[in-house]
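One-letter residues, chain by chain:
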Amino acid sequence: MSKIEDWQALINKPVLSIDEKEIGVVSDVQPLHIIVSSGPVTPNKYNIPKKSISKFENGVVYLSSSQKEVSDNHEFE
Amino acid sequence: MTKEFQNSDGNPTSRANKIKKMYYELLQESAILYPKVDQKLLIDILKFETTYKDWEGSVMLKIVYPADRFDIEKKKDWIYSRYQRIPSVEEKRTLRVKLIRMYLEDLERLLIDDPDIEYITGSATLAPTDAYAA
């Protein structure tokens, strides 16, 4: 995991899986997870462990998990 | 969450800086004490509980378990036996339930009694929302 100093800087930033699929945007930062929302009206929400973030670069959050892994393991709402 | 606050004694904004620093310290401490709880939910419960002495602890909780590691139906039964309220299941890993008398101590006890819980989010309201249901 890349060392991120200011977690609040991730808010509203797009999140990409390791297979370069867009998961959504960061809607909240919690102690152990980032909350990623996808969709306009009733968004799908994912709680993604901070340790699954590989890097935060040029305003984009990159994950070390695939879209399927994120969908299977982290969607909660 | 790291923010720099300058010591600005004599500066008109020093009070603002001081109170912001205290707020960020509260958030940092709450992240250590309740790492599995949504910080907005935690702060709302704290605010209602300390501001309104007769607050009934009315919350809507979303209790999230790790995917595919637990039988969500057993967890649902456990929540029912504990609170006599039937939760609904969302995305096979989240139990959604409206409760009353859920104060910080009760949230802490819930997390101690079920260490399988991965994350708790939801909302706190001043009045039980069921009271206004059509």
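This report concerns the structure included in the present document. Note that this is a predicted model, so its numbers are computed, not measured.

1. A short note on the overall build of chain B
For chain B, the count of helices and strands is four helices and four strands. In sequence order, the secondary structure elements of chain B are arranged as α-α-β-α-β-β-α-β. Taken over 134 residues, chain B has a buried fraction of 37%. Put simply, 69% of the contacts in chain B that link residues at least 6 apart link residues at least 24 apart.

2. A look at the overall build of chain A
Each helix and strand counted, chain A has one helix and six strands in total. Taken from N to C terminus, the helices and strands of chain A fall in the order β-β-β-β-β-β-α. The C-alpha radius of gyration of chain A comes to 11 Å, within 12% of the 11 Å expected for a compact globule of 77 residues. Viewed in the frame of its principal axes, chain A has a C-alpha envelope of about 30 × 20 × 20 Å. Counting only residues that meet the buried cut, chain A has 43% of its 77 residues in that class. The average position of the 8 basic charges and that of the 11 acidic charges among the side chains of chain A differ by 3 Å.

3. Observations regarding the nonpolar core
With 24 residues, the main nonpolar core has B:I45, B:V59, B:L61, B:I63, B:L107 and B:I120 as its most contacted residues. Broken down by secondary-structure element, the contributors of at least two residues to this core are α2 (39-51), β1 (58-64), α3 (72-83), β3 (94-99), α4 (104-113) and β4 (119-125) of chain B. Every residue in contact with B:L61, bar those within four places of it in the chain, is listed here: B:L41, B:L95, B:R96, B:V97, B:L99, B:M102, B:L107, B:L110, B:I120 and B:T121. By size, the runner-up hydrophobic cluster in this structure holds 15 residues, among which are A:W7, A:L10, A:I48 and A:V70.

4. Description of the interface of chain B and chain A
A common measure of how large an interface is: the accessible area buried when the components associate. Across the contact, 19 residues belong to chain B and 17 residues belong to chain A. Summed over both partners, the interface of chain B with chain A buries about 1,500 Å², with 49% contributed by carbon and sulfur atoms. A:E77 is the salt-bridge partner of B:K62, the closest N and O atoms lying 2.7 Å from each other. Counting the contacts that link chain B with chain A gives nine residue pairs in polar contact (both at pLDDT 80 or more). Residue assignment for the side of chain B that touches chain A shows that the elements contributing at least two residues are β1 and β4 of chain B. Here the side of chain B that touches chain A is composed, by residue class, of eight nonpolar, four polar and seven charged.

5. Description of the packing of α3(B) against α4(B)
Residue and element names in this part refer to chain B. Two elements in contact, α3 and α4, have axes whose closest approach is 13 Å; the angle formed by their N-to-C orientations is 140°. The angle between α3 and α4 falls in the class oblique. Between α3 and α4 lies a crossing of right-handed hand. Only R109, L110 and D113 of α4 make contact with α3, whose side of the interface consists of W78, I79, R82 and Y83.

6. A look at unusual backbone geometry
All names here are of chain B. Within the chain, D68 stands out as a residue other than glycine whose phi angle is a positive 60°. As for its placement among the helices and strands, D68 is situated in the loop between β1 and α3. Unlike most non-glycine residues, K92 shows phi in positive territory, near 65°. Examined against the element boundaries, K92 turns out to sit in the loop between β2 (88-90) and β3. K92 sits in the exposed class, given a relative accessible area of 72%.

7. A short note on the pattern of salt bridges
A side chain of one charge can pair with a side chain of the opposite charge if their charged atoms are brought near each other. The final tally for this structure, using the stated rule, is 12 salt bridges over all chains. Counted as one network, the salt bridges with shared partners bring together B:K75, B:D114 and B:D116.

Calculation criteria
- Residues numbered from 1 in each chain as written.
- Chains lettered and ligands numbered in written order.
- Predicted model: local features only at pLDDT ≥ 70, side-chain atom pairs only at ≥ 80, totals over all residues.
- Heavy atoms only, no water.
- Helix = DSSP H or I, 4+ residues; strand = E, 2+ residues; numbered from the N terminus.
- Buried < 20%, exposed > 50% of the residue type's maximum accessible area, 1.4 Å probe, protein only.
- Contact = heavy atoms within 4.5 Å.
- Rg over C-alpha atoms; globule rule 2.2 N^0.38 Å.
- Lys, Arg positive; Asp, Glu negative; His and termini not counted.
- Charge placed at Lys NZ, Arg CZ, Asp CG, Glu CD.
- Core = buried A, V, L, I, M, F, W, Y, C linked by side-chain atoms within 4.5 Å.
- Buried area = accessible area lost by both parts, 1.4 Å probe.
- Salt bridge = Lys/Arg side-chain N within 4 Å of Asp/Glu carboxyl O.
- Polar contact = N/O pair within 3.5 Å; in protein donor to acceptor, adjacent residues only side chain to side chain.
- Nonpolar A, V, L, I, M, F, W, Y, C, P; charged D, E, K, R; others polar.
- Axes fitted to C-alpha atoms, helices over the stretch in contact; angles between N-to-C directions.
- Parallel < 35°, antiparallel > 145°, perpendicular 65-115°, else oblique.
- Left-handed = near helix turned anticlockwise from the far one by under 90°.

Coordinates in, geometry out; function isn't part of it.
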